[in-house]
Amino acid sequence: MSIHKKSKHEIGIMRQAGNIVALVHAAMKEAVKEGVTTQELDELAVKIIKENKADPTFLGYHGFPATICASVNEQVVHGFPSKDVILKNGDIISIDVGATYKGFVGDSAWTYPVGEISEDKKMLLKATEEALYAGLEYMKNGERLESVAGAIEDVANKYKLGIVRQYGGHGVGREMHEDPFVFNYRTQNKLILERGMVIAIEPMLNLGCDDVEVLEDGWTVVTKDKKASGHFEHTVHVTDDGPDILTKLL
Ligand code: MG
Ligand code: MG
């Protein structure tokens, strides 16, 4: 495992990349509504990223065909935007997006409600967001990465939610996926966090079981029991004082 710690200068660039990702999410929050297609959301994301002189990180990544991952309801991650996916009242949609600016990546996902959603789905979104911030509390110089994972696991257990096991957080830098990998549950990881590390923390929690499978398109991950899944992610810089969230508006 090799972890690339970032210089102050590099963090400055990553903050710009993160701001662009946050601009996309601010637009998504407004644009997500009944009747909108996930293709339209993708086009909006492309426009914002290009306007800010950045490149869509996901487009072409291992052959991924789009700028955002748009994952509706039981889709966990890596859903393809499509003109045939029209959002309906009561859906939830996780939008994951990356922007590369001056060679550095920002990566953030958020799950949005479409119109009026069920109480279960409300709880799922609240709990998954809570799990993200509970994990971020430990993104501090000298803390253990295991404490981040454990905090996420504890929130999932509190709400009796499934935890996706096969996917998780990761280092971010010039590459979207760098070391270390971050499970969303305890694994006896011994890694100590150090200032200058930049890591995306991204709990994926399910209303039902932990198990997921990949659809025939080779990308779209869905829950095996077809119950809804939530996904929240920030790219975060570890400092002496705690988490420095890079994927937020400047
Ligand atoms: Mg992401
Ligand atoms: Mg990520």
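What counts and how
- Residues numbered from 1 in each chain as written.
- Chains lettered and ligands numbered in written order.
- Predicted model: local features only at pLDDT ≥ 70, side-chain atom pairs only at ≥ 80, totals over all residues.
- Heavy atoms only, no water.
- Donors = N, O, S within 2.8 Å, 3.2 Å for Na, K, Ca; no water.
- Helix = DSSP H or I, 4+ residues; strand = E, 2+ residues; numbered from the N terminus.
- Buried < 20%, exposed > 50% of the residue type's maximum accessible area, 1.4 Å probe, protein only.
- Core = buried A, V, L, I, M, F, W, Y, C linked by side-chain atoms within 4.5 Å.
- Contact = heavy atoms within 4.5 Å.

A. Structural detail: the coordination of the magnesium ion (ligand 1). Those protein atoms acting as donors to the magnesium ion (ligand 1) are Asp96 (OD), Asp96 (OD), Asp107 (OD) and Glu233 (OE), and they sit at 2.0 to 2.5 Å. For the magnesium ion (ligand 1), all donor residues lie on one chain, and their spacing in sequence is D-x10-D-x125-E.

B. Summary view of the coordination of the magnesium ion (ligand 2). Looking at the metal site, the magnesium ion (ligand 2) is ligated by Asp107 (OD), His170 (NE2), Glu202 (OE) and Glu233 (OE), spaced 2.1 to 2.2 Å from it. Look at where the donors of the magnesium ion (ligand 2) fall in the sequence and you get D-x62-H-x31-E-x30-E. The metal-metal distance between the magnesium ion (ligand 2) and the magnesium ion (ligand 1) comes to 3.1 Å, with Asp107 coordinating both. You can see His170 sitting in strand β7 (residues 169-171) and its partner Glu233 sitting in the loop between β13 (229-231) and β14 (234-239), a full 63 residues away along the chain. Take His170: its relative accessible area is 4%, and that puts it in the buried class. Assessed through its relative accessible area of 0%, Glu233 is described here as buried.

C. Structural context of the nonpolar core. Within the largest apolar cluster, 70 residues are counted, with the highest numbers of intra-cluster contacts made by Leu41, Ile93, Met139 and Ile201. At 10 residues, the largest contribution of residues to this core is made by helix α1 (residues 8-31). What Leu41 contacts, discounting residues up to four positions off in sequence, is Met28, Ala31, Val32, Val36, Ile68, Leu87, Ile93 and Ile95. Core analysis: the next-biggest nonpolar cluster, separate from the first, contains six residues, Val76, Val77, Met204 and Val221 among them.

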